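Each chain, letter by letter, is given below.
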Amino acid sequence: MVISNVEIASVFNQLADLLEINGENSFKVRAYRNAARTIENLGTDLRKMLEEGVDISQIPTIGEHIALKIAEIIKTGKLAKLERFKHAFPPHLLDLLKVEGIGPKRAKVLYRELNISSLDGLKKAAQKHQISALKGFSEKLEKKILKGTLLAKKEGKRFMYSVAEPYAEALEAYLKNLKGALQVIVAGSFRRRKETVGDLDILATSAHPELLIDYFVKYPDIKEIISQGDTRSTVILKNELQVDLRCVEKESYGAALHYFTGSKSHNIAVRIMARDMGMKVNEYGVFRGEKKIAGSTEEEVYRSVGLDYIEPELRESRGEHRAAKAGKLPRLITEEEIRGDLHMHTLYSDGHNTIEEMAEAAKNRGYSYIALTDHSKHMAIVHGVDEKRLREEMEEIDRINETLKGITILKSIEVDILEDGSLALPNSVLKELDLVVGAVHDKFNLSQKMQTQRILKAMDNPYFNILAHPTGRLIGEREPYKVNMKQLFEGVKQRGCFLEINAQPKRLDLNDVYTKRAKEAGIRFAISTDAHNAASLHYMKYGVYQARRGWLEKDDVINTLSLGELKKVLQR
Ligand code: DGT
Ligand code: CA
Ligand code: CA
């Protein structure tokens, strides 16, 4: 069984949630949550550490008690204590926590008072206004909960890319392990690096497909086998993720890969182009009459219909066929081209590592600069810095920069954009920073006009450089706030500001569609991780995927520049 740190952390988080709903000792609850956070950010596989005989009880926040539980999870795939608790509660109770505005405390009240134990029950209760009648729940909160319920239901069946990724990789490795499997690749929306995936579509070539299928359905992480044929099978994993496997012949690999990578509308357009040229494209190959003229590679398939090779991230029918025909496809940005990260937090605000630790980790990634953007002090942010504290941080950065080799720390801030469009810190200190990242963290419900004006006014400040997570959405949890995107793009461009592509897997904000439009409006971007600890600097890859889906090239992204060039573009 391959249990990842993410899964182990999720066991402890679920346990903490259920303990809290059960009204248990908050001390215990916190201990499990702290351990979960440590595990998420560990960077090394606990499974490997145990195999190598590392004493994991020495890891801060873990200790002997939790170390034993970790060993149990790795050995058995579950935690008996959590299973017992789960049985004591309705099966979908924890779904309530996916709704914005509902934490364990409120879930407990909803369950105890109204016997609500599923998203459906929650929706009905909100529609009948039973929730606002509860003590501590307002009508406003009830509305928010109703909206959140609908959103959680819509997104509930899809998996965030980053959540599906370890499952995809483990399965791919498992299948490749079988002798006789020649090529194995995860196609579908996963290969297109879509922010969420509905299921995994695995394509394999093998001289003995029936053996491969046999082997596939023995994968230990499977909960249910839906179908099992000679060349295809569908299963559901224990985490409810569906996996489709198809085996094809080597000669058809390219055509099948093209077919199963999608998107469907991209494929249909290719098929129509082929038809207009007197050919036929299907999952077996490209045919002229009865004669197969291409099919073993994707390049061949595209070439045969007169197109340049189209990267999977572009296959969404957003103009890629036309561009491929004209030889004008973008040369998409790669993670290797990123030279620094312009949004991250330290212990000065709500991060979990010191300045040195963040710099060291960034250096290990080969970066030549980072910007420290701790939060400004403001109502919405608990641990923000005020002017005095920011100046202390700036002094510390100066000191560290003097001794640090190979990487430069830029002084920055993630300053709150207040409701009236002013910034939460005075210009007297903003002007001394290398760059200013600004963000909206509250008042998400302003009208579109007010929200747009608020942000544009903030960018009128001559020290403002980058608008962080421009739409504020959280995938599956919170809709974007209302902004007139066209006006926003014009405003950003006019003022010489930049938009962020926030690489947090839950944010991926700006999204792919807006990124492409903003690029067309002449805007450049920063791809930034918003890391709250050193391990999260690796989120950069998710930001780069989203940027690629938005057609971005190296020159569209300012953190591909050298430090000298970057400093120039930050001077408005
Ligand atoms: P998902 O799973 O909802 O995130 O999105 P996809 O794109 O992975 O869609 P899925 O799993 O239904 O199908 C995988 C690929 O198979 C899809 O991208 C294109 C191809 N495909 C599926 N159904 C059809 C179809 O009816 N016609 C064509 N041309 N291709 C299809
Ligand atoms: Ca799929
Ligand atoms: Ca599928």
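Since we're looking at a predicted model, the values are computed, not measured.

S.K.: What am I meant to see in the site of ligand 1 here?
M.R.: Around ligand 1 sit 16 residues, and of these Arg158, Ser189, Arg192, Gly198 and Arg271 come closest. With the chains in place, 72% of the 590 Å² that ligand 1 exposes on its own is no longer accessible. Going through the elements one at a time, helix 10 (188-191), helix 12 (253-261) and helix 13 (264-276) are the ones with two or more residues in the shell around ligand 1.

S.K.: Please explain the coordination of the calcium ion (ligand 2) as it appears in this structure.
M.R.: Put simply, the ideal angle at a metal is 109.5 degrees for four donors in tetrahedral geometry and 90 or 180 degrees for six donors in octahedral geometry. Around the calcium ion (ligand 2), the protein contributes the donor atoms Asp199 (O), Asp199 (OD) and Asp201 (OD), which lie 2.1 to 2.9 Å from the metal centre. Between the calcium ion (ligand 2) and the calcium ion (ligand 3) the interatomic distance amounts to 3.8 Å, and aspartate 199 serves as a bridging ligand to the pair. Each member of the pair, aspartate 199 as well as aspartate 201, carries the same accessibility label: buried.

S.K.: Just checking my understanding: could you explain the packing of aromatic side chains for this structure?
M.R.: For any pair of aromatic rings, the description consists of the separation of the ring centres together with the inter-plane angle of the planes. A complete count under the given rule lists 14 aromatic pairs for this structure. Ring geometry for tyrosine 161 and tyrosine 545: centres 5.6 Å apart, planes at 70°, overall edge-to-face. Of this pair, tyrosine 161 sits in helix 9 (residues 161-176) while tyrosine 545 sits in helix 22 (residues 540-549); the two residues are 384 residues apart in sequence, bridging distant segments of the chain. The two residues tyrosine 161 and tyrosine 545 agree in class, both being buried. Here tyrosine 174 and tyrosine 215 contribute two aromatic rings whose centre-to-centre distance is 4.1 Å and whose plane-to-plane angle is 0°, an arrangement assigned as stacked. A residue pair is termed long-range when its members are at least 10 positions apart, and tyrosine 174 in helix 9 and tyrosine 215 in helix 11 (residues 209-216) qualify at 41 residues. Both residues of the pair, tyrosine 174 and tyrosine 215, belong to the buried class. A network of ring pairs unites the aromatic residues Tyr161, Phe190, Tyr539, Tyr542 and Tyr545 as a single cluster.

S.K.: Any chance you could explain the coordination of the calcium ion (ligand 3) here in plain terms?
M.R.: Ligation of the calcium ion (ligand 3) by protein atoms is provided by Asp199 (OD), Asp199 (OD), Asp201 (OD) and Asp244 (OD), these donors lying 2.2 to 2.9 Å from the ion. Each donor residue of the calcium ion (ligand 3) belongs to the same chain, and together they define the spacing D-x1-D-x42-D.

S.K.: Where do I start with the side chain of histidine 469 in this structure?
M.R.: When you line up the elements, histidine 469 lands in the loop between strand 16 (466-467) and helix 20 (485-495). A polar atom in the side chain of histidine 469 sits 3.3 Å from the side chain of glutamate 414. In this structure histidine 469 touches His343, Glu414, Ala439, Val440, His441, Tyr481, Glu500, Asn502, Arg507, Asp509 and Asp530, once residues within four positions along its chain are discounted.

S.K.: Just to check I follow, could you spell out helix 11 for this structure?
M.R.: An α-helical turn contains 3.6 residues, so a residue and the one three or four places further along point in the same direction. Where helix 11 is concerned, the buried positions are Pro209, Leu212, Ile213, Tyr215 and Phe216. Relative to the axis of helix 11, the buried residues are bounded by an arc of 165° and lie together on one face. In this fold, the buried residues of helix 11 make contact with helix 9, strand 2 (181-186), strand 4 (200-206), strand 5 (222-228), strand 6 (232-237) and strand 7 (242-248).

S.K.: Explain the domain arrangement of the protein here, please?
M.R.: Interface size, as often reported, equals the accessible area lost upon joining of the parts. Per the domain assignment, the segments of the protein are domain 1 (5-154), domain 2 (159-247), domain 3 (265-325) and domain 4 (335-569). Taking only C-alpha atoms into account, the centre of domain 2 sits 37 Å from that of domain 4. In this complex, domain 2 contributes nine residues to the contact, which on the side of domain 4 involves eleven residues. A combined buried area of about 870 Å² lies between domain 2 and domain 4, and 55% of that area is made up of carbon and sulfur atoms. Broken down residue by residue, the surface that domain 2 buries against domain 4 is led by Met160, Arg193 and Glu195, which jointly contribute 56%. Counting the contacts that link domain 2 with domain 4 gives two salt bridges. Considering every element that reaches the side of domain 2 that touches domain 4, the biggest residue donor is helix 9, with three residues. The residue inventory of the side of domain 2 that touches domain 4, partitioned by class, reads two nonpolar, two polar and five charged.

S.K.: What is the right way to read the packing of helix 1 (residues 5-21) against helix 4 (residues 63-76) from this model?
M.R.: In a packed pair of helices, the relevant descriptors are the angle between the two axes and the axis-to-axis distance. Following both chains from N to C, one finds helix 1 and helix 4 inclined at 120°, their axes separated by 11 Å at the closest point. With respect to each other, helix 1 and helix 4 are oriented oblique. Like other packed secondary-structure pairs, helix 1 and helix 4 cross with a definite hand, here right-handed. Taking contact as the criterion, the partners of Ile8, Val11 and Phe12 in helix 1 are, on helix 4, Ile66, Lys69, Ile70, Ile73 and Ile74. Its residues assigned to classes, the contact of helix 1 with helix 4 shows seven nonpolar, no polar and one charged.

S.K.: Can you help me understand the pairing of strand 10 (residues 291-294) in this one?
M.R.: Relative to strand 10, strand 9 (residues 285-288) runs antiparallel, the two sharing three bridges. Of the residues in strand 10, the one forming a bridge with phenylalanine 287 is lysine 292. In this antiparallel pair of consecutive strands, strand 9 and strand 10, the connection spans two residues, and glycine 289 shows a positive phi of 65°.

S.K.: What am I meant to see in the nonpolar core here?
M.R.: One broad rule of soluble globular proteins: the nonpolar side chains tend to lie buried together. Ile370, Ile409, Ile413, Leu488, Leu499 and Ile527 are the most contacted members of the largest nonpolar core, which totals 57 residues. The leading source of residues in this core is helix 16 (residues 355-364), at five residues. Setting aside its immediate chain neighbours within four residues, isoleucine 527 contacts Ile333, Ile338, Ile501, Met540, Gly543, Val544, Ala547, Val557 and Asn559. Val11, Leu18, Ile59 and Leu93 belong to the second-largest nonpolar core, a separate cluster that totals 49 residues.

Calculation notes
- Residues numbered from 1 in each chain as written.
- Chains lettered and ligands numbered in written order.
- Predicted model: local features only at pLDDT ≥ 70, side-chain atom pairs only at ≥ 80, totals over all residues.
- Heavy atoms only, no water.
- Near = heavy atom within 4 Å.
- Areas by Shrake-Rupley, 256 points an atom, 1.4 Å probe, with all protein chains shown as cover.
- Helix = DSSP H or I, 4+ residues; strand = E, 2+ residues; numbered from the N terminus.
- Donors = N, O, S within 2.8 Å, 3.2 Å for Na, K, Ca; no water.
- Buried < 20%, exposed > 50% of the residue type's maximum accessible area, 1.4 Å probe, protein only.
- Phe/Tyr/Trp six-rings, centres within 6.5 Å; stacked < 30°, edge-to-face > 60°.
- Polar contact = N/O pair within 3.5 Å; in protein donor to acceptor, adjacent residues only side chain to side chain.
- Contact = heavy atoms within 4.5 Å.
- Arc of directions from axis to C-beta.
- Domains from an automatic or database assignment.
- Buried area = accessible area lost by both parts, 1.4 Å probe.
- Salt bridge = Lys/Arg side-chain N within 4 Å of Asp/Glu carboxyl O.
- Nonpolar A, V, L, I, M, F, W, Y, C, P; charged D, E, K, R; others polar.
- Axes fitted to C-alpha atoms, helices over the stretch in contact; angles between N-to-C directions.
- Parallel < 35°, antiparallel > 145°, perpendicular 65-115°, else oblique.
- Left-handed = near helix turned anticlockwise from the far one by under 90°.
- Pairing = 2+ DSSP bridges.
- Core = buried A, V, L, I, M, F, W, Y, C linked by side-chain atoms within 4.5 Å.

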